[in-house]
Amino acid sequence: MIARIIRIISKEYTLMDDKENRYDAILTGKIRMQMKPAAGDLVEAVRLDNRWVVEKILPRRNKLIRPSVANIDQALIVMSVKSPDFSPALIDRLSVLIMSSGIQPMLVVTKCDLGIEPDFEKRIEEYERGPMQVIRTGKGSLDPSLAGILEGKISVLTGQTGAGKSTLLNELEPSFHLATQETSKALGRGKHTTRHNELHPVAGGLVADTPGFSSLDFSHIAAQELASYVPDFLPYLGQCRFNDCIHQNEPGCAVKDAVERGDIPRVRYEDYLQIMQMIQERKERYL
Ligand SMILES: Nc1nc2c(ncn2[C@@H]2O[C@H](COP(=O)(O)OP(=O)(O)OP(=O)(O)O)[C@@H](O)[C@H]2O)c(=O)[nH]1
Ligand SMILES: [Mg+2]
Ligand SMILES: [Zn+2]
């Protein structure tokens, strides 16, 4: 049988076939030596001595390390308008990390029922005009298009603790009850409500409700490739005077020109420069 790993708890694996039947399984020793299976992996399993045994992991399309999920179709950046505050810098950092893993990012703006500061409203509209898909949600006003976006796909939710990731999934699929907690408590204790990595069947797709993260690592990204991970920059790449332009101080830069014309939001460009600086400073330190 071919099935997908949807949960791993130490050595116990839960598989799901395409009819949403679930099976408990273990690994053969051979695989255990070769590679670490992840939620999202497609596997071949056989029935041996009354139990399912995973014999082979099929090739992966992509793989995230934190959370450990393979074959991801899209990542939803979940960002609240309030508590915690809306943060374009965080969205831009996350979308770079997501793009650099070969995964499509999308933005879900939560807690819109709490009211949106005019300054944040401007920032949200900049994303809406850009290439990333944006969805606004709030308590009791779930955007119906979200279900269609998840259908038939493997999605990962990412975002700060308290942004409303688990709440979103509970609203989409009222049959399960993921633990949520008061933001103040979550922030105060510096702990996340959501701990383990698991794919949940939601709206005809599979979704990883991952914990909020504690650090962002850009160390695998070269200065030269950073711009290709910024969705707003893509139409302008290859049009600069120098073909090794990193859109920082170079003359004849098509990205900077687009910023001056207002075709790329200035905030997006400033966030790019900050990430670039993080990459360059690390390089210097290690020279
Ligand atoms: N007003 C309002 N509150 C919300 C909304 N979404 C979530 N909340 C509240 O925000 C708090 C945190 O929500 P969670 O869903 O636990 O947040 P999370 O992103 O899963 O957090 P971690 O699991 O810690 O990463 C809870 O008290 C929710 O009730 C919303 O759309 N509107
Ligand atoms: Mg959660
Ligand atoms: Zn340039």
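What counts, and where the lines are drawn
Residues numbered from 1 in each chain as written. Chains lettered and ligands numbered in written order. Predicted model: local features only at pLDDT ≥ 70, side-chain atom pairs only at ≥ 80, totals over all residues. Heavy atoms only, no water. Buried < 20%, exposed > 50% of the residue type's maximum accessible area, 1.4 Å probe, protein only. Helix = DSSP H or I, 4+ residues; strand = E, 2+ residues; numbered from the N terminus. Pairing = 2+ DSSP bridges. Expected span 1.5 Å × (residues − 1). Arc of directions from axis to C-beta. Donors = N, O, S within 2.8 Å, 3.2 Å for Na, K, Ca; no water. Tetrahedral: all angles 85-135°; square planar, octahedral: opposite > 155°, others 65-115°. Axes fitted to C-alpha atoms, helices over the stretch in contact; angles between N-to-C directions.

Engineer: Which residues make up the pairing of strand 11 (residues 154–158), and what values go with them?
Structural biologist: Of all 5 residues making up strand 11, 5 are buried, and the element is well covered by its neighbours. Alignment of strand 8 (residues 74–80) against strand 11, held across 4 bridges, turns out to be parallel. Within strand 11, the residue paired with A75 across the bridge is V156. Where strand 11 and strand 13 (residues 205–209) come together, 4 bridges link them in parallel fashion.

Engineer: Mind laying out unusual backbone geometry, listing which residues take part and the relevant values?
Structural biologist: Looking along the chain, the bond that leaves S83 and enters P84 is cis, with omega of -5 degrees. Along the chain, P84 falls in the loop between strand 8 and helix 2 (88–100). Even without being a glycine, S10 presents a positive backbone phi close to 45 degrees. By the element assignment, S10 lies in the loop between strand 1 (2–9) and strand 2 (12–16).

Engineer: Quick rundown of helix 3 (residues 118–129)? Include the residues and the values.
Structural biologist: The terminal C-alpha atoms of helix 3 lie 17 Å apart, and with 12 residues this matches the ideal 16 Å at 1.5 Å per residue to within 8%. Within helix 3 the residues assigned to the buried category are F120, R123, I124, E126 and Y127. Projected down its long axis, helix 3 carries its buried residues within an arc of 150 degrees, all on one side. Of the residues in helix 3, the exposed ones pointing more than 90 degrees away from the buried face are P118, K122 and R129.

Engineer: Can you break down the coordination of the zinc ion (ligand 3) residue by residue, with the values?
Structural biologist: Here the zinc ion (ligand 3) is held by the protein donor atoms C240 (SG), C245 (SG), H247 (ND1) and C253 (SG), which lie 2.1 to 2.4 Å from it. One way to put it: the 4 donor atoms around the zinc ion (ligand 3) meet at angles of 103 to 115 degrees, and that makes the site tetrahedral. The sequence motif formed by the donor residues of the zinc ion (ligand 3) is C-x4-C-x1-H-x5-C. Here C240 and H247 have matching classes, each one buried.

Engineer: Kindly report on the sheet that holds strand 1, identifying the contributing residues and their values.
Structural biologist: Pairing is mixed in the closed barrel, where 5 strands are placed in the order 1-2-3-5-4. Averaged over all pairs of adjacent strands, the angle between their axes in this sheet comes to 55 degrees, without regard to strand direction. Alignment of strand 1 against strand 2, held across 5 bridges, turns out to be antiparallel. Each residue of the ladder has a partner; that of I8, found in strand 2, is Y13.

Engineer: Give me the lowdown on the pairing of strand 12 (residues 199–202), citing residues and values where you can.
Structural biologist: Here is the key point about a regular strand: its side chains alternate between the two faces of the sheet. The two faces of strand 12 match: L199 and P201 on one face and H200 and V202 on the other face are all buried. Sheet topology note: the strand 12/strand 13 ladder contains 4 bridges and is antiparallel. Bridged to V202 within strand 13 is G205. In this antiparallel pair of consecutive strands, strand 12 and strand 13, the connection spans 2 residues, and A203 shows a positive phi of 50 degrees.

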